[in-house]
Amino acid sequence: MTSAIDPELFREVFGRFGTGVAVITSSGPGGPGGMTANALCSLSLDPLLALVCFENRARTLPIVRAAERFAVNVLASDQEHLAGVFASKLPEGEKLGGVDHRLVEGVPVIDGALAWATCDLRELIAGGDHTIAIGEVVTMGLGGGEPLLWYGGEYRQLERRRR
Ligand SMILES: Cc1cc2nc3c(=O)[nH]c(=O)nc-3n(C[C@H](O)[C@H](O)[C@H](O)COP(=O)(O)O)c2cc1C
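Remember, it's a predicted structure, so these values are computed and weren't measured experimentally.

**Student:** Explanation requested: the pattern of salt bridges in the structure shown.
**Tutor:** Any two side chains of opposite charge can pair, on the condition that their charged atoms come close. One pass over the full model with this rule turns up nine salt bridges. Two residues, Arg 57 and Glu 55, come together in a salt bridge whose shortest N-O distance is 2.6 Å. For Arg 57, a relative accessible area of 67% puts it in the exposed group. In this structure, the salt-bridge partner of Asp 120 is Arg 69, at a minimum N-O distance of 3.4 Å. A residue pair is termed long-range when its members are at least 10 positions apart, and Asp 120 in strand S9 (residues 115-127) and Arg 69 in strand S6 (residues 69-74) qualify at 51 residues. Accessibility expressed as a relative area gives 32% for Arg 69, which makes it partly exposed. Taken together, the shared-partner salt bridges in this structure form one network comprising Arg 59, Glu 92 and Lys 95.

See the structure below:
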C-alpha cells in the first residue's frame, strides 16, 4: 500500500521504527511535570546534545520552557506503568506524586530508570505541530535492567536473537 498524504499510514510507517521509551521530566515555577516520549535522540557529541520533540499541546513543554532544563529518563522494562502515567492527562502535579524520584540539577530523575540525563535547554525550534527541544547534557547516569520498547503502537520487550 502506498499513499502520499495519509496520516494513519505515516503513523504506521514510523511506528515500524522501533524505539525505547523515555519520560521527559522538568520542574518550573509552577511545579513539576513529565511526559512519555519516544521522539528522542542523541544529536551531537561535541557539545553533548540531545533532542526531544514535544507536541505543541503537551503541558510539559511550557514547564521545560520556563525551567530551561529537562531530564531524559529512559524507562526499564518493569516501568511500563510509568509510561502509562506520563502519557496520561493526569494533573501535572499528580504525575510525579506517586513516583520515586530525586532532584538532580533541579529536575526530577526517576528512580530505577535504565539510564538518565539532565539537560540545559539550548534551543526550541518549531516543527509543524511539534516543537523540537535541543538540550545540552549536564549530568547523566546508568541504571540496571532491560529496556522498555515501543513498536507498532505497542510496548515490547527485548528478545535476544537465538543463534
Ligand atoms: C510510547 C509513547 C511515546 C510518546 N512520544 C511522544 C513524543 O515523543 N512527543 C510528544 O509530544 N508526545 C509523545 N507521546 C504522547 C504524550 O506522552 C502525551 O500526549 C502526554 O499526555 C503529554 O503529557 P503532558 O500534556 O502532561 O505534557 C507519547 C506517548 C506514548 C505512549
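**Student:** Honestly, the side chain of Thr 118 in this entry has me stumped. Any pointers?
**Tutor:** For Thr 118, the location among the structural elements is in strand S9. Not counting chain neighbours up to four residues away, the residues in contact with Thr 118 comprise Phe 70, Ala 71, Val 104, Glu 105, Val 107, Val 109, Glu 136, Val 137, Val 138 and Thr 139.

So, how was this worked out
Residues numbered from 1 in each chain as written. Predicted model: local features only at pLDDT ≥ 70, side-chain atom pairs only at ≥ 80, totals over all residues. Heavy atoms only, no water. Salt bridge = Lys/Arg side-chain N within 4 Å of Asp/Glu carboxyl O. Buried < 20%, exposed > 50% of the residue type's maximum accessible area, 1.4 Å probe, protein only. Helix = DSSP H or I, 4+ residues; strand = E, 2+ residues; numbered from the N terminus. Contact = heavy atoms within 4.5 Å.

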